[in-house]
Amino acid sequence: MILFCLPYAGGSESIYYKWKNHLHTSIQVVPIELKGRGKRFNEFFYESLEEAVDDIFENIKDKIVDDDFAIYGHSMGSLLAYELYYKIYNENGKMPKHMFFSGYKAPSILRKEKQIYLLPDEEFIKEVIELGGTTQEVAENDELIKLFTPILRSDFKMLEKYLYKEKEDKIQCDISILNGKEDDITLEEILEWKNHGDKGFKVYNFEGNHFFINTNIENITRIINTTLVK
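Owing to the predicted nature of the structure, the values given are computational and were not obtained by experimental measurement.

Caption draft 1: Highlighting the side chain of Glu160. You can see Glu160 is positioned in helix 5 (residues 142–161). Of note is the side chain of Glu160, whose polar atom sits 3.1 Å from the backbone nitrogen of Tyr117. Aside from chain neighbours lying at most four places away, what touches Glu160 is Arg111, Lys114, Gln115, Ile116 and Tyr117.

Caption draft 2: Expanded view of helix 3 (residues 121–130). Within the span of helix 3, buried status applies to Phe124, Ile125, Glu127 and Val128. For helix 3, the angular spread of the buried residues around the axis is 160°, confining them to a single face. Of the exposed residues in helix 3, those oriented more than 90 degrees away from the buried face are Glu122, Lys126 and Glu130. Close packing links the buried residues of helix 3 with helix 5. Just beyond helix 3, the residue with positive phi is Gly132, at close to 75°.

Caption draft 3: Representation of the layout of surface pockets in the model. Here the largest pocket is characterised by a volume of approximately 770 Å³. Taken together, 36 residues form the lining of the largest pocket, with Tyr8, Thr135, Glu137, Val138 and Asn214 sitting closest to its centre. Going through the elements one at a time, helix 4 (136–139) and helix 5 are the ones with two or more residues in the lining of the largest pocket. Tallying contributions element by element places helix 5 first for the lining of the largest pocket, with 5 residues. Looking at the lining of the largest pocket residue by residue, the classes come out as 16 nonpolar, 14 polar and 6 charged. Space inside the second largest pocket adds up to approximately 540 Å³. In this structure, the second largest pocket is lined by 20 residues; those nearest its centre are Glu50, Glu83, Tyr162, Lys165 and Lys167. Only helix 1 (49–60), helix 2 (76–90) and helix 5 provide two or more residues apiece to the lining of the second largest pocket.

Caption draft 4: Here's a closer look at the environment of Leu228. Residue placement: Leu228 occurs in helix 7 (residues 217–228). Classification of Leu228 as buried rests on a relative accessible area of 10%. Spatially, the C-alpha atoms of Leu228 and His98 are 7.8 Å apart, while their sequence positions differ by 130 residues.

Caption draft 5: Here's a closer look at unusual backbone geometry. Positive phi, close to 55°, is recorded for Ser75, a residue that is not glycine. Topologically, Ser75 is positioned in the loop between strand 3 (69–74) and helix 2. Positive phi is not limited to glycine here, since Asn92 has a value of about 60°. Turning to its location among the elements, Asn92 is positioned in the loop between helix 2 and strand 4 (98–102). On the basis of relative accessible area, Asn92 is assigned to the exposed category, the value being 71%.

Caption draft 6: Here's a closer look at the packing of helix 3 against helix 5. Running from amino to carboxyl end, helix 3 crosses helix 5 at an angle of 75°, the nearest separation of the two axes being 11 Å. Here helix 5 runs roughly perpendicular to helix 3, going by the angle between their axes. Packed against helix 3, whose contacting residues are Asp121, Phe124, Ile125 and Val128, the element helix 5 presents Ile145, Thr149, Leu152, Arg153 and Phe156 at the interface. In terms of residue class, the contact of helix 3 with helix 5 is made up of 6 nonpolar, 1 polar and 2 charged.

Caption draft 7: Region of interest: the sheet that holds strand 4. If you walk across this open sheet you meet the 6 strands as 2-1-3-4-5-6, and the pairing is parallel. Edge positions in the sheet fall to strand 2 (28–31) and strand 6 (201–206), since each of these pairs with one other strand and no more. Between one strand axis and the next, the sheet turns through 20° on average, direction left out of account. Strand direction decides the pairing type here: strand 5 (residues 174–180) and strand 6, joined by 6 bridges, are parallel. Bridging across to strand 6, Ser176 finds its partner in Lys202.

Rules used in this analysis
- Residues numbered from 1 in each chain as written.
- Predicted model: local features only at pLDDT ≥ 70, side-chain atom pairs only at ≥ 80, totals over all residues.
- Heavy atoms only, no water.
- Helix = DSSP H or I, 4+ residues; strand = E, 2+ residues; numbered from the N terminus.
- Polar contact = N/O pair within 3.5 Å; in protein donor to acceptor, adjacent residues only side chain to side chain.
- Contact = heavy atoms within 4.5 Å.
- Buried < 20%, exposed > 50% of the residue type's maximum accessible area, 1.4 Å probe, protein only.
- Arc of directions from axis to C-beta.
- 1 Å grid on protein atoms, 1.4 Å probe; cavity = no way out; pocket = protein on both sides within 12 Å on 5 of 7 lines; lining within 4 Å.
- Points joined across faces, edges and corners; volume = space filled by probe spheres on them.
- Nonpolar A, V, L, I, M, F, W, Y, C, P; charged D, E, K, R; others polar.
- Axes fitted to C-alpha atoms, helices over the stretch in contact; angles between N-to-C directions.
- Parallel < 35°, antiparallel > 145°, perpendicular 65-115°, else oblique.
- Pairing = 2+ DSSP bridges.

Now the structure itself:
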């Protein structure tokens, strides 16, 4: 079983490295590196979320021919995972066994936040921090801020220009929703995910804020193990 993992805004594949120590040996973690960061630092940023999804599909399409797989996305990664499901579907690819949507409200709920990706650097970063859109580690380090500002700006551009389109067919595999108790996502926004699927649906709440994913590795991987290892 392959577990494809998609990062939050500003994140790289490295946020999932520690998971390998906790997941069952039958689960192969494949973190997805997006353009403009990590080992793809020299590549141009995406112009849209659709372009990012196309790129992700090109990178995984050969891996999903034979093996069973699941997809996990956190925050922006959840939206990428949602659209990736339908990209695979539209390409008549083998479909995932499970979808994990983490730290993000259902895509059908419109973003209320103003567009901030066009703001000057200082104002932009201030807004990102106020929205809880970056980790404490980055927010408190001026050098990291300078390094991550272009990446965050590109990611927020994708999120803020995204236009939700209702899909004709619902997700045809079980769905798990993971949420931080101190995040500002409402129960209504979480439960709206249920309307996007036709199969099993579970919600898991964790101690922590929007970045609960970084402080609950053992709890999250335990749930993934229980869900995927039959």
